[in-house]
Amino acid sequence: SGARVRRAQNRRLPQYLERGVDVKFSDVAGLGKIRLELEEIVKFFTHAETYRRRGVKIPGGILLCGPPGVGKTLLAKAVAGEAGVNFFSISASQFVEIYVGVGASRVRALYQEAKENAPSVVFIDELDAVGRERGLIKGSGGQERDATLNQLLVCLDGFEGRGEVITIASTNRPDILDPALVRPGRFDRKIYIPKPGLIGRVEILKVHARKKPMAEDVDYMAVASITDGMVGAELANIIEVAAINMLRDGRTEITTDDLLQAAQMEERGMLDRKDRSLETWRQVAINEAAMAVVAVNFPDLRNIEFVTISPRAGRELGYVRFKMDHIKFKEGMLSQQSLLDHITVQLAPRAADELWYGEEKLSTIWAETADNARSAARTFVLGGLSDKHYGLSNFWVTDKINDIDLEALRVLHECYGRAKELLQRNRTLMDAVVNQLIEKKSLTKQEFFQLVELHGSINPMPPSI
Ligand code: ADP
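My aim in this report is to walk through the structure given alongside it, one point at a time. (Residues numbered from 1 in each chain as written. Predicted model: local features only at pLDDT ≥ 70, side-chain atom pairs only at ≥ 80, totals over all residues. Heavy atoms only, no water.)

### Side note on the pattern of salt bridges
One pass over the structure, following the stated rule, counts 21 salt bridges. One salt bridge in this structure joins Arg201 and Asp228, with 3.4 Å as the shortest N-O distance. Residue Arg201 is found in helix α8 (residues 198-209), and its partner Asp228 is found in the loop between α9 (220-225) and α10 (232-248); the two are separated by 27 residues along the sequence. Here the two residues Arg201 and Asp228 agree in accessibility, since each one is buried. Put simply, Arg248, Asp249, Arg251 and Asp258 are held in one network by salt bridges that share partners. (Salt bridge = Lys/Arg side-chain N within 4 Å of Asp/Glu carboxyl O. Helix = DSSP H or I, 4+ residues; strand = E, 2+ residues; numbered from the N terminus. Buried < 20%, exposed > 50% of the residue type's maximum accessible area, 1.4 Å probe, protein only.)

### Looking at empty space enclosed by the protein
Tallying each qualifying case throughout the model produces one cavity of 30 Å³ or more. The calculated volume of the largest cavity comes to roughly 30 Å³. As for the largest cavity, its lining consists of Gln283, Ile286, Asn287, Pro349, Asp353, Tyr357 and Ile365. For the lining of the largest cavity, the secondary-structure elements that each account for two or more residues are α12 (278-295) and α14 (336-357). For the lining of the largest cavity, the residue count by class is four nonpolar, two polar and one charged. (1 Å grid on protein atoms, 1.4 Å probe; cavity = no way out; pocket = protein on both sides within 12 Å on 5 of 7 lines; lining within 4 Å. Points joined across faces, edges and corners; volume = space filled by probe spheres on them. Nonpolar A, V, L, I, M, F, W, Y, C, P; charged D, E, K, R; others polar.)

### As for the sheet that holds strand β4 (residues 165-171)
For sheets, the rule is that strands pair by backbone hydrogen bonds, running either parallel or antiparallel. Read from one edge of the open sheet, five strands run β2-β3-β4-β1-β5, paired in parallel fashion. Where the open sheet ends on each side, the last strands, each with one partner, are β2 (86-91) and β5 (187-192). The mean angle between the axes of side-by-side strands here comes to 20°, regardless of whether they run parallel or antiparallel. Sheet topology places strand β1 (residues 61-65) next to β5; five bridges connect them, and they run parallel. For Cys65, the partnering residue across the bridge sits in β5 and is Tyr192. Where helix α5 (residues 102-116) meets the sheet, its contacts fall on β2, β3 (120-125) and β4, and the angle it forms with β3 comes to roughly 155°. (Pairing = 2+ DSSP bridges. Axes fitted to C-alpha atoms, helices over the stretch in contact; angles between N-to-C directions. Contact = heavy atoms within 4.5 Å.)

### A look at a nonpolar patch on the surface
Among the surface-exposed residues, Leu198, Ile199 and Met221 lie close enough to one another that they form a single nonpolar patch of about 250 Å² accessible area. Along the polypeptide, Leu198 turns up in helix α8. Look at Leu198 and you get partly exposed, because its relative accessible area is 32%. (Patch = residues over 30% accessible without salt bridge, like charges linked within 9 Å, V, L, I, M, F, W, Y side chains within 5 Å. Areas by Shrake-Rupley, 256 points an atom, 1.4 Å probe, with all protein chains shown as cover.)

Below, the structure is given as structure tokens:
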């Protein structure tokens, strides 16, 4: 009787139930094809009976894999919301308790509630906290975790294929999960959710903008293009911060500027959490600033979209985004002068390193761009663009190869001199760009060109080769 009363109370007050979850797929943006897979999971609830009759296997568990903030939790809620079922959630780090048995009993309680309130989605956040391969953790902590994991396995097996309770778990490390967890009938379905690309970011920004007073002409593309590497959680935050800025200034609409500013703040926050020394920031800033400052001197290369020193998009350093005609460039349709200008820009980091740190203290930060310059210089010579003509037909004659290299070297030398000269002439501009980069981590097109206007000494030199 005591037990029955307790159970009745439990039924009235489920601990792990999230009330008022009203998320729909339309609240999750930038999913692309992943959405289809999730729609199928919804059907496991809505069409459970049909599926069972036809012998379609209904999974017990689905694993959402991907970095933090890409929307895994949001998606799990959207599945519950679309299917119109209850949503139970727990973070696996809550399972990991010091006292043996606590984790296991929480898992039991969670599934008990989910079953009593079925159909339901059980969401387990950070599954790897409890699902790490067994035997990896020694001592009593490991023992406790094993008990919890075993309990989870038992619960998963209890619902397999019935379409009443479906477990969705999230992890950033599917590779370290205990093999028992990913066996057929358990988490046998993996869905990867990557960081959003450019268009994905535009869509996510727009979803969050729906509930805000946005100016009509907001340029979401501009915001998306300076937020490379950011996830949904960060993009959502940008909109919130922009709204606060608007209110603070007593305005009634959120503008593109509000968003760009908020994006920079978000980025700074993100980067402050990373550990680069000030000296490294400075070095990278000089590297990127040099390319941008040299490039504004050249008609084909001055269309700079933004300059950044934040490590992202898989790059160690920052980068300068040029809006140039890449097709023209790849097809070798650049004019002789543009190709030389390109080589000069690629040598700017090396020249800046010499000017700002001195020959004795050279780093290797410019290695990649110097390689670009080298190969472009060979293209230049082989393409017959230099004074001396080396047609491709001569390519295999060994003594000519030496000549070609010498000629390429001459081109590199000339361009290097030019890069140095342009940098020296624009020291004030360089210092301004470097300082702003260190402070803000990235400069928008407008910010960069404002500095050029204030401090630049730009007048394109006549072709020198
Ligand atoms: P994860 O579970 O992957 O760590 P969350 O689902 O907790 O990420 O995301 C946190 C918040 O970020 C969400 O509540 C939502 O506001 C926003 N968000 C993340 N991804 C998206 C997305 N694809 N579309 C819209 N909003 C998103």
